[in-house]
Amino acid sequence: RSRAQVDATLRAARLNPGELLPAVHCLRFGPHAAAGQCCLLQLEPGLCAELEAGRSLVIRGEKDEQAVLCSKDKTYDMKIADTSNMLLFIPGCKTPEQLNADPSSCNIIHSQIAGFSNNYWELRRCRPKLKKLRKLLMEDPYEGPDSRKDQALTVSKYTTEDLLSLIQASEEEILHQLQAIDACKIEGYWRILEFDYEMKLLNHVTQLIDSESWSLSKVPLRTCLEELGSLEPREMIEHILLSYGRKYVDDGEVYFEMHEDKICRAIAQMLLQNAVKFNLSEFQEVWQQSVPEGMTTRIDQLKGLALVDKSSRPETISLLKVEDLPEDNQERFNSLFGIREKWTEVDITPYIQDLCAEKQSVGALLTKYARSSTLNGVKVYNSRRPIS
Amino acid sequence: SGSAGALAQWVLVELQGEVEPRQSGSLAGSLLGDLHYTCEGVPVLIVGHHILYGKVVQLEKPFAVLVKEGAAPQDSPGEPHGHYTVTALIKTKLLFKTRPKPIITHVPKKV
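Note that the structure is a prediction, hence the values are computed from the model and not measured. (Residues numbered from 1 in each chain as written. Chains lettered and ligands numbered in written order. Predicted model: local features only at pLDDT ≥ 70, side-chain atom pairs only at ≥ 80, totals over all residues. Heavy atoms only, no water.)

S.K.: Help me understand the nonpolar core, please; the structure alone is not making it clear to me.
M.R.: Within soluble globular proteins, side chains that are nonpolar generally end up buried alongside one another. The biggest cluster of nonpolar side chains holds 42 residues, and the ones touching the most others in it are Leu241(A), Met258(A) and Trp287(A). Take this core: its biggest share by element is eight residues, from helix α7 (residues 195-212) of chain A. Two domains each provide a minimum of three residues to this core, namely domain 2 (130-192) and domain 3 (195-258) of chain A. Beyond its immediate stretch of four places on either side in the chain, Met258(A) contacts Val205(A), Ile209(A), Leu216(A), Ser217(A), Val219(A), Leu241(A), Tyr244(A), Gly245(A) and Ile263(A). Residues Leu21(A), Ala23(A), Leu99(A) and Phe96(B) belong to the second largest nonpolar core, which totals 23 residues. (Core = buried A, V, L, I, M, F, W, Y, C linked by side-chain atoms within 4.5 Å. Buried < 20%, exposed > 50% of the residue type's maximum accessible area, 1.4 Å probe, protein only. Helix = DSSP H or I, 4+ residues; strand = E, 2+ residues; numbered from the N terminus. Domains from an automatic or database assignment. Contact = heavy atoms within 4.5 Å.)

Structure follows, in structure tokens:
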């Protein structure tokens, strides 16, 4: 297309060249414009800056999963948005500012339209889908170095790379969750300890603390490794201390401040998993006797782990782990209302807390998924729909 | 996945309706039209026998242009799975919302 042709078109259109900037873009469809290989992704705040800084975005999801987009530390649901308009994407097309800023800009700019679309991907920040992480690691929990099972080649094991390709979450969210569930790396693979083995390790440590009369807030790493190193691998001793304590350095020596609540909680789980239901007061007695000297048990240590039934006579307690419940919001509520028809906010909160989106409150979730009523002067929540 | 080096900046042109080739056949290589700007910065697009007036919009939510790696075009529109490269960013769009003004090239004279 020549200047003469462009000017002829302007004359036919009765446009005054004097009112126009001298540069014109002649738009033509590029050779692959209609191939549909390009698509548009609408960016949430922060993502544009990340891309410009050279960081990657990854789309994750297997064939049977809804795709998500992950930045380094966040996860987004992806949804197609349709528009009734046609969107053309044009490389090298200049804005009036750019043309005015550069007086030497070409008179005729031949621009190729790289592609066009009437839809684009929309993003919505979502909770990372981490339940699968625990599920994968629970396929083959680590039972200790003497376990014959671990020597079999068919053991299900995952490296960080494996997890990154299988879990619909950002790398940071995955690494954070691995720490939260006390996973450890054994020979390059992420493993979760089998509960009985974990309790065995914990028991070694608590017995040693007792026999040495150490303060619970100053457990020396070096002595633990010396005394227990003949019973268990050193990495496992250190791992259990890290899982159940806070590491710090004092005068060049490494110590651990033990988490009383976490230890009491683990021992409660050990007791509760042996039966469906316990008499509450009997359980509390046995539990207190089972924890290390100097530790005090409290029912609120068991949030998200056990459920107390105050309506039965005698009162009972049973194991209910939040990580065993469904990840999807509606399914989670269905499951909870299937277990108990009416819940107080205090009782249900530990079992729905993890569902809250970034700025969402438990109250907002309850408003959306439950119906409230008053029972004996207390506000309770039940299902919005009949539960079969 | 991400990109190395500075990302190209492209521009989005938003038009009403659909784009169809003048003669039947592929769009590849065919002309869309001339894009001018008035001295005040108003984009003017001449497409066929129409003049479209638009405006420059700075996008609140910029777009990334993703190119799917692999030879074949997308098998189904809703299939995001696969490897993508961010080719460019789009922070500006030229929005043409006004009704096209037809260009009348020949006015018959009254006899």
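S.K.: Teacher, can you tell me more about the domain arrangement of chain A here?
M.R.: The figure often quoted for interface size is the accessible area lost as the parts come together. All names here are of chain A. Along its sequence, chain A is organised into domain 1 (3-125), domain 2 (130-192), domain 3 (195-258) and domain 4 (325-387). Computed from C-alpha atoms alone, the centre-to-centre distance between domain 1 and domain 2 is 42 Å. Carbon and sulfur atoms make up 35% of the surface buried where domain 1 meets domain 2, a total of about 900 Å² over both sides. The largest share of the area that domain 1 buries against domain 2 comes from Arg60, Lys72 and Asp73, three residues that together contribute 50% of it. Linking Lys72 and Glu172 is a salt bridge whose minimum nitrogen-to-oxygen distance equals 2.9 Å. (Buried area = accessible area lost by both parts, 1.4 Å probe. Salt bridge = Lys/Arg side-chain N within 4 Å of Asp/Glu carboxyl O.)

S.K.: Explain unusual backbone geometry to me, please; I cannot follow it from the model alone.
M.R.: The general pattern is negative phi for most residues beyond glycine and trans for most peptide bonds. Residues and elements named next belong to chain A. That bond from Arg313 to Pro314 is cis: its omega, 0°, falls within 30 degrees of zero. Turning to its location among the elements, Pro314 is positioned in the loop between β14 (306-309) and β15 (316-319). Of note in this structure, Glu187 is not a glycine but carries a positive phi near 55°. Locating Glu187 in the fold gives a position in the loop between β8 (184-186) and β9 (189-191). One non-glycine residue, Ser213, adopts positive backbone phi at about 55°. Position of Ser213 among the secondary structure elements: in the loop between α7 and β10 (219-220).

S.K.: How should I be thinking about the environment of Ile209(A) in this particular structure?
M.R.: Residues and elements named next belong to chain A. You can see Ile209 is positioned in helix α7. A residue is classified by how much of its surface remains accessible, and Ile209, at 7% relative accessible area, is buried. The sequence separation of Ile209 and Leu88 amounts to 121 residues, and the corresponding C-alpha distance is 70 Å. Apart from the residues within four sequence positions on either side, Ile209 is in contact with Trp214, Leu216, Val219 and Met258.

S.K.: Sorry if this is basic, but what is going on with the sheet that holds strand β11 (residues 245-250) of chain A here?
M.R.: Across a sheet, strands are paired by hydrogen bonds formed along the backbone, either parallel or antiparallel in direction. All names here are of chain A. Ordered in space as β10-β12-β11, the three strands form an open sheet in which the pairing is antiparallel. Among the strands making up the open sheet, the edge pair consists of β10 and β11. Of the strand pairs in this sheet, β10 and strand β12 (residues 253-258) are connected by two bridges, and their pairing is antiparallel. Bridge pairing in β12 places Val219 opposite Phe256. Of the strands in this sheet, β10, β11 and β12 are in contact with helix α9 (residues 234-244), which crosses β11 at around 105°. (Pairing = 2+ DSSP bridges. Axes fitted to C-alpha atoms, helices over the stretch in contact; angles between N-to-C directions.)

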